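Chain by chain, the residues:
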Amino acid sequence: TRLQKILATKGFSTFRDYYNHVATDKTGAAMSELANAISTNHTYFYREKEHFEFFKQQALPEIVNMNRMAGDNDVRIWCAGCSTGEEPYNLVMQMLEFFGMDYSNWKAGILATDISERALLIAKRGVYSKDRIVNLPEDYKRKYFKKISNDEYEVVDKLKQEVLYRRFNLMNPRFVFKKKFHSIFCRNVMIYFDEPTRIELVNKFYDLLVPGGYLFIGHSESLKRDTHKFNYVMPALYQK
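In this text the structure is predicted, and so the values were computed from the model without any measurement.

Reading the values: rules and limits
Residues numbered from 1 in each chain as written. Predicted model: local features only at pLDDT ≥ 70, side-chain atom pairs only at ≥ 80, totals over all residues. Heavy atoms only, no water. Phe/Tyr/Trp six-rings, centres within 6.5 Å; stacked < 30°, edge-to-face > 60°. Helix = DSSP H or I, 4+ residues; strand = E, 2+ residues; numbered from the N terminus. Buried < 20%, exposed > 50% of the residue type's maximum accessible area, 1.4 Å probe, protein only. Pairing = 2+ DSSP bridges. Axes fitted to C-alpha atoms, helices over the stretch in contact; angles between N-to-C directions.

*Asks:* When you look at the packing of aromatic side chains in this model, what are you seeing that I'm missing?
*Replies:* Ring pairs (aromatic) are described by centroid distance and by the angle formed between their planes. Considering all chains together, one arrives at 26 aromatic pairs under this definition. Between Phe54 and Tyr214, the ring centres sit 5.1 Å apart and the planes meet at 80°, which makes this aromatic pair edge-to-face. With a gap of 160 residues between them, Phe54 in helix H4 (residues 49–70) and Tyr214 in strand S8 (residues 209–217) connect regions that are remote in the sequence. Both residues of the pair, Phe54 and Tyr214, count as buried. Relative to Phe216, the ring of Phe185 lies with its centre 4.0 Å away and its plane at 5°, an arrangement referred to as stacked. Of this pair, Phe185 sits in strand S7 (residues 181–186) while Phe216 sits in strand S8, placing them 31 residues apart in sequence. Under the relative-accessibility criterion, Phe185 is labelled buried at 0%. Take Phe216: its relative accessible area is 0%, and that puts it in the buried class. An aromatic cluster of at least three residues, connected via ring pairs, comprises Trp78, Phe168, Phe175, Phe177, Phe181 and Phe205.

What follows is the structure, given as structure tokens:
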């Protein structure tokens, strides 16, 4: 249904013709247009808020203790499937609240990736309608947003500068990262994948986490016990 508009605009009479166009386009533009059309980007701030509370109250203290023992000051968090940016900005708020004045002494921040260029452009702009921020605590709204119209609010610059946005395809055969992550958020993404793809991706996430690191998935998702090496913590949360 989402692709019908592209077929009509581009003058393709069948999906086979459109598929051949995408497959033979060496510029990558057709594939980007396809990804933008079929990816689902619905989200909002504090979606599944239990995860954000756990991240601040449990995961971050564990990262601090882990780093003190190792003499390290990195806090490495990956939002894989960040959509329009609500999740990574939400996580930066949690880190700022947790570390307070000590935040600048940590190499903290978020790597946020998505396959949709359209979603990433919205995320970088950081402007959201009132209904997207309605679940945030009032003090968060005051500290981390500026009102730009009756219905629009913009994330403040100190949040924007803490998120690195990149286009990334979770179907890539290899994930090349310099260091392992303390937490990976991949929420409400794998629900669109078939089971073999989910299993392969979850095992890649396992290898990319430090021992004790957490994988956060969506509450509509679950991992079959015999397909991964994670320990179950609570619904939609697993630990290496």
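*Asks:* Just to check I follow, could you spell out the sheet that holds strand S5 (residues 152–155) for this structure?
*Replies:* Spatially, S3-S5-S4 is the arrangement adopted by the 3 strands of the open sheet, whose pairing is antiparallel. A single partner strand is all that each edge strand has here, and the edge strands are strand S3 (127–129) and strand S4 (145–147). The mean inter-strand angle of the sheet, taken between neighbouring strand axes irrespective of direction, is 35°. Note that S4 and S5 share 3 bridges and pair antiparallel. Bridge pairing in S5 places Lys147 opposite Tyr153.

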